[in-house]
Amino acid sequence: MSKPRELNKRTLVASPYAVWVLAFTVLPLIVILQYAMTDAAGHLTFRHLFEVFSPIHVKAALFSLEIAAGCTVFCILLAYPMVIAMRHLGMKQRGFSLFIIILPMWMNFILRILAWQMILSNNGILNFLLGKIGIGPLQIANTPAAIMIGVVYDYLPYMILPIYTAIMEINEDLIEAAKDLGAGSFTVFRRVIFPLSIPGLLSGIVMVFVPSMTSFVVSDILGGGKLQLIGNVIEQEFTTGNDWHAGSGLSVSLMVFVLIGMAFTSVSKTEGKESVIW
Amino acid sequence: MSDAILKMESISKSFDGKEILKDFDLEIGRNEFVTLLGPSGCGKSTILRIIGGFVKPDAGRVLFEGRDITALPPEKRNINTVFQKYSLFPHMTVGENIAFGLKLKKKSPEYIREKIDYALKLVNMEGYEHRNPESLSGGQQQRVAIARAIVNEPQVLLLDEPLGALDLKLRRVMQRELIKIKQEVGITFLYVTHDQEEALMMSDRILVMNKGIVQQEGNSKSIYDEPQNAFVADFIGDSNIIGGIMVRDRLVRIQGVEIPCVDEGFGNETPVDVVIRPEDLEIVSPENGYLRGQVQSVIFKGAYYEIKVESKGYEWMIQSVDPAPVGETVGLTIDPDNIQIMHKPVSADEEVIRDE
C-alpha cells in the first residue's frame, strides 16, 4: 500500500512543473497549431503550413540555415582549442576561466547585441582600431558577417559548456595510455579526446544550431533589418503583418524541420555514450 | 651488469617541495623480471613514470640501451606500460584497443590482424575481439591492457600495480599468467607492487623500497630469509623483531638468554635487531625452550594456528600446525639457522612502519 502513496507524493512534487509545462508549452503549442491550420474565417486549411515553400520564405530559410550552420562551425572551431587549453590549467584557473566564459551570459542578451552594434558600426571601435593600423574602414554592420559575429558571440558558451564537461571527464590515464602506445599530441586529440567528446559536441550542436537558426533579434539589430532570417519573417507576420495564421504556419513548419534535425542527432547519440546535457 | 637495457643514474624528483627520490640508481638487465616493492608513497610509481616518460626527473639521467632518453616524450620510447586502472579506450572494441599502437606504427592490416589474434590467445581472451571493454570484468580488462601493450613488442614492459584492483583469487591466477606471458614473449618486465607475496612469487630480482631509498635488493629467497633491516623484515611477511645483544660471533643474547645463531662479524657485545619468522619458532615444554612464556591467544588461520606467547614483556608470534592451550606456560625454541641478525636502523627509512 505504501508504494502508490509514495508515488502520489512524488506526483504532487512534480505538479508545479506539470502546471508550468501545460500553461507555457502545451497550451501555446495547441493555440499555434490551431492558428496554423485555420484561416481568418476559422476554416480548416493547410495553406499556411506550406507557406514556407514560397520563394521569399525559402530564401529566408536558406539564409537562416547558412547563418546557423556557419555559427555552429565557428563555435566548434573556437570551443575545442579553448577547452583543450583549459584542460591543461590547474583546478582554480580552470574554474576561473569557465567563469569568464559564462560571465557574458549574465548580461542581458539585447544589451550585448547592442554593444556589438556599437563596436561594429562604421565609426565604431573596431573600425577605429583598424584605422590605426591602416586598414578599413570596413563595412561590417548590416552585413551577414555582423550577424555571424553576433550569433557566434552569443551561442559560443552553449558550445563550450557541454564540450568542456565531456572533455574534463576524460581520465588523464587514457591520454597517458595513448601516448604510451606512441600517439603524439594531435593523434591523442584525434583518436581519444575528440571521439570521447562527441556526446558533448552533439549537445553543443543542438544548443547552438537551433537557436541561432530561429533567432531574430540579432539579425534585427546587427543586420539592420534588411537581412531576413526565418525568425524575422515569422516575427513580422505576427507584428507588422498582423497575420497570426501565416506566422503560426511558418512556426509549425520550422519546428518540424528542427525536430527532424534533432531526431538525426539523437539517433547518432544513442550509438555512443549518453549525451552530456541534452 | 654488463647487459643492462635500462639504467637510471642519480635520479632526483620532488613534488611540491617533498623529495620523493634522491640520487636513485637502477640497472635492469635484458629479459629480467624486476620488482619494485614498497609501501605507498615510497617512490616506486614515480620511478616507473619517469621511465615511461610521464614525469621529468629534476636531476639525473635515464639510459635506454646506452642512449640518454631523459628528455624523450613517452610516445617516442620503445617502452610500454600496463596501468593499474587498465585505461582501455572506452570508444573502441577490444580489437581496436589492441591495434591502437600498431596502427600508429602504420603496420599492414594483415600484420595487425595476426598480432591481435596472437595477443588475445596469449592472454586467454580469444573471441573477445569485438567486445566493448566496459562490458568486461576487471580481470579481463587487465588482460586486454596487457595484450595492448605487448603487441607493440616493447623492449621493456612497465607494470604499475596491474593487479591492484583485482580480488585476491583472480590476482593469484593473473600472477601465474603473467609469469607465463613473460616467458613466452621474452621481454624485460619492471613491476611495481606493494604486495609482498606477489613480488616474492614472480620476480627474478626485488628492490624493497621505503622513502625513496632501496632498502634491500636481491632475489625472493634472500629478501625473505635474510632481511637486512627492520623495515624489510617487517614489510616482507610477518616477523618477530626484537632488540638483542650480539655477544660474539655465532651467539646472540635475547631477553637475557644466550642463543646460538650463525651470523658473524657484528663484533662483541653489540646491540642488534633480531628477526625470527613466526613459522620458525617452535613450542616445546618449558624446560626445553630457550625462552619461556605464557600463551595469550590462539587463532585458527586455515593452514596454521597463529599463537601469541608473552615472554618478559614481548609478545612472540608463532605459526604452528598444532594449537596450544591458552594460559599455559610453554617454552620456545629455534634453530640457529633461522635467526637473522641485523644492524640497528641508522635512519628513519630503515625502521618498521608504525600504524598511526
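Only a predicted model underlies this, so the values are computations on that prediction, with no experimental measurement involved.

Concerning the domain arrangement of chain A
By a widely used convention, the size of an interface equals the accessible area lost when the partners come together. Residue and element names in this part refer to chain A. With domains assigned, chain A is organised as domain 1 (1-36) and domain 2 (47-271). With centres defined by C-alpha atoms, the gap from domain 1 to domain 2 works out at 31 Å. Taken together, the 5 residues of domain 1 in the interface contact 8 residues of domain 2. Together, the buried faces of domain 1 and domain 2 total about 580 Å²; carbon and sulfur atoms form 78% of this surface. Put simply, domain 1 and domain 2 have 0 salt bridges between them.

Here we look at the interface of chain B and chain A
Contact with chain B, which involves 22 residues of that partner, is made by 16 residues of chain A. Buried area between chain B and chain A, summed over both chains or domains, comes out near 1,800 Å², and the portion from carbon and sulfur atoms is 61%. Taken together, the links from chain B to chain A amount to 2 salt bridges. Where Glu176(A) meets Arg49(B), a salt bridge forms, and the shortest distance between an N and an O atom there is 2.7 Å. Taken together, the links from chain B to chain A amount to 6 residue pairs in polar contact (both at pLDDT 80 or more). When contributions to the side of chain B that touches chain A are tallied by element, the ones reaching two or more residues are β6 (79-82) and α2 (94-104) of chain B.

Some remarks on the pairing of strand β17 (residues 305-311) of chain B
Residues and elements named next belong to chain B. Here 6 bridges tie strand β16 (residues 291-300) to β17, and the two strands are oriented antiparallel to one another. Among the inter-strand pairings, Ser-297 is bridged to a residue of β17, identified as Lys-308. Hairpin connection, β16 to β17: the antiparallel pair is bridged by 4 residues, and Gly-302 has positive phi, about 100 degrees. Relative to strand β18 (residues 314-320), β17 is paired through 7 bridges, and the arrangement is antiparallel. Paired with Lys-308 across the strands is Met-317, a residue of β18. Where β17 hands over to β18, the hairpin turn is made up of 2 residues, of which Lys-312 adopts a positive phi near 50 degrees.

With respect to the sheet that holds strand β10 (residues 213-218) of chain B
All names here are of chain B. The sheet built from 6 strands is open, its strands ordered β6-β7-β8-β3-β9-β10 with mixed pairing. Among the strands making up the open sheet, the edge pair consists of β6 and β10. Geometrically, the sheet is characterised by an average inter-axis angle of 20 degrees between neighbouring strands, direction not taken into account. As paired elements, strand β7 (residues 156-160) and strand β8 (residues 188-193) share 5 bridges and run parallel to each other.

As for the nonpolar core
One broad rule of soluble globular proteins: the nonpolar side chains tend to lie buried together. One finds Cys71(A), Met159(A), Ile163(A), Phe89(B) and Phe100(B) to be the most contacted residues of the largest nonpolar core, which totals 51 residues. Within the residue set of this core, elements represented by two or more residues are α2 (55-87), α3 (91-102), α4 (109-120), α6 (144-168), α7 (172-180), α8 (185-214) and α9 (217-222) of chain A. Looking at this core element by element, the count peaks at 13 residues for α6(A). If near-sequence neighbours (up to four positions away) are discounted, Met159(A) is found in contact with Thr72(A), Cys75(A), Ile76(A), Ala79(A), Leu201(A), Gly204(A), Ile205(A) and Val208(A). Among the nonpolar cores identified, the runner-up in size contains 34 residues, and Leu102(B), Ile116(B), Leu122(B) and Leu157(B) belong to it.

A few points about the packing of α2(A) against α6(A)
Residues and elements named next belong to chain A. Running from N to C, α2 and α6 point in directions that differ by 45 degrees, and their axes come no closer than 6 Å. Classified by the angle between their axes, α2 and α6 sit oblique to one another. In the packing of α2 onto α6, the handedness of the crossing is right-handed. Residue classes in the contact of α2 with α6 are distributed as 26 nonpolar, 2 polar and 2 charged.

Rules of the game
Residues numbered from 1 in each chain as written. Chains lettered and ligands numbered in written order. Predicted model: local features only at pLDDT ≥ 70, side-chain atom pairs only at ≥ 80, totals over all residues. Heavy atoms only, no water. Domains from an automatic or database assignment. Contact = heavy atoms within 4.5 Å. Buried area = accessible area lost by both parts, 1.4 Å probe. Salt bridge = Lys/Arg side-chain N within 4 Å of Asp/Glu carboxyl O. Polar contact = N/O pair within 3.5 Å; in protein donor to acceptor, adjacent residues only side chain to side chain. Helix = DSSP H or I, 4+ residues; strand = E, 2+ residues; numbered from the N terminus. Pairing = 2+ DSSP bridges. Axes fitted to C-alpha atoms, helices over the stretch in contact; angles between N-to-C directions. Core = buried A, V, L, I, M, F, W, Y, C linked by side-chain atoms within 4.5 Å. Buried < 20%, exposed > 50% of the residue type's maximum accessible area, 1.4 Å probe, protein only. Parallel < 35°, antiparallel > 145°, perpendicular 65-115°, else oblique. Left-handed = near helix turned anticlockwise from the far one by under 90°. Nonpolar A, V, L, I, M, F, W, Y, C, P; charged D, E, K, R; others polar.

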